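Topology and contacts: notes
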Amino acid sequence: EPEVTQTPSHQVTQMGQEVILRCVPISNHLYFYWYRQILGQKVEFLVSFYNNEISEKSEIFDDQFSVERPDGSNFTLKIRSTKLEDSAMYFCASTGPSRETQYFGPGTRLLVL
Amino acid sequence: AQTVTQSQPEMSVQEAETVTLSCTYDTSESDYYLFWYKQPPSRQMILVIRQEAYKQQNATENRFSVNFQKAAKSFSLKISDSQLGDAAMYFCASPAQGGTSYGKLTFGQGTILTVHP
């Protein structure tokens, strides 16, 4: 069964460093999303991406964040200069043309020291 | 703002018994889907069940079923014959309001389910 994959599974970085989180959505899906979950809190929407551009973003998704689909398979989230409060689980999700169900990847656990 | 409310931070159930997790939501959409996701200690988000709002019949997936009350905007999850592997955090999710939304989901705060042997 097709699934969303994410790499790395864990990332530890120093405050101020740039990180790139990678996702490979399900191959025939068209809509892509990033969510984050701070430990002990609910899952929060960051950004949605369709047709090679951001379709919607939340207040959390400030200038430090960017997304890209550099080729036909990968979907990346870049945090330019990480802060302590960026420590969280980051989930990628994708959905097909009808946008019925979002399938989530296993997440990347980011720890900023 | 879109809200999804899970009023039970924690629930517990004995193995083999039935438990119901509550969720209410707020949306102005007419056609939409509602979801329950399970998050075990690994923190992966696993789709448990999906309900299509225009269908009157409640969705069922093996031991999991929903009680969908559209007018009340209520969407509860019933787990029958609970198993130890059902222990996890459960999140209810609904689509954001507005026709321009590209399907982003709003999640509830989650309910931690403990299953006692």
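Above this note sits the structure.
My aim in this report is to walk through the structure given alongside it, one point at a time.

Criteria and cut-off values
- As a convention, each chain's residues are numbered from 1 in the sequence order in which they are written.
- All chains are assigned letters beginning at A, and all ligands numbers beginning at 1, according to the order in which they are written.
- Restriction of local features to residues with pLDDT of at least 70 applies here, the model being predicted, together with a cutoff of 80 or more for giving and counting side-chain atom pairs; totals for whole chains, interfaces and linings are based on all residues.
- Only heavy atoms go into the side-chain values, all of them from the structure, while hydrogens and water stay out.
- At least two bridges found by DSSP between two strands is the condition for calling them paired.
- Each helix is a run of DSSP H or I of at least 4 residues and each strand a run of E of at least 2, with the numbering of both proceeding from the N terminus.
- Axis definition: a line fitted to C-alpha atoms, over the contacting stretch in the case of helices. Angles run 0 to 180 degrees between N-to-C directions.
- Nonpolar core, defined: a set of buried Ala, Val, Leu, Ile, Met, Phe, Trp, Tyr and Cys residues in which side-chain atoms within 4.5 Å join the residues together.
- Summary of the burial criterion: residues with accessible area below 20% of their type's maximum are buried, those above 50% are exposed, and those between are partly exposed, where the area comes from a 1.4 Å probe applied to protein chains only.
- Contacts: residue pairs with any heavy atoms within 4.5 Å of one another.

Here's the deal with the sheet that holds strand 1 (residues 5-7) of chain A
All names here are of chain A. Read across the open sheet, the four strands follow the order 1-3-8-7; overall the sheet is antiparallel. Here the strands that pair on one side only, and so sit at the sheet edges, are strand 1 and strand 7 (65-68). On average, each strand axis in the sheet is tilted by 20 degrees relative to the strand beside it, whichever way the strands run. Relative to strand 8 (residues 75-79), strand 7 runs antiparallel, the two being bridged by four bridges.

Let's talk about unusual backbone geometry
At the junction of Thr7 of chain A and Pro8 of chain A, the peptide bond is cis and its omega measures out at -10 degrees in the coordinates. Secondary-structure assignment places Pro8 of chain A in the loop between strand 1 and strand 2 (10-13). At Asn52 of chain A, a position not held by glycine, the phi torsion is positive, near 65 degrees. Mapped onto the fold, Asn52 of chain A is located in the loop between strand 5 (44-50) and strand 6 (53-57). You will see that Ala16 of chain B, though not glycine, has its phi angle at about 80 degrees, which is positive.

Remarks on the nonpolar core
Ranked by internal contacts, the top residues of the largest apolar core, which has 24 residues, are Trp36, Ile49, Phe75, Leu77 and Tyr90 of chain B. At the level of secondary structure, the elements contributing two or more residues to this core comprise strand 3 (19-21), strand 5 (33-39), strand 6 (46-52), strand 8 (64-69), strand 9 (74-79), strand 10 (88-95) and strand 12 (111-116) of chain B. Apart from the residues within four sequence positions on either side, Tyr90 of chain B is in contact with Gln6, Leu21, Trp36, Tyr37, Lys38, Val48, Phe64, Leu77, Ile79, Gly110, Thr111 and Leu113 of chain B. Counting residues in each nonpolar core, the second largest holds 21 residues, with Trp34, Leu46, Phe61 and Tyr90 of chain A among its members.

Keep in mind these values describe shape, not function.
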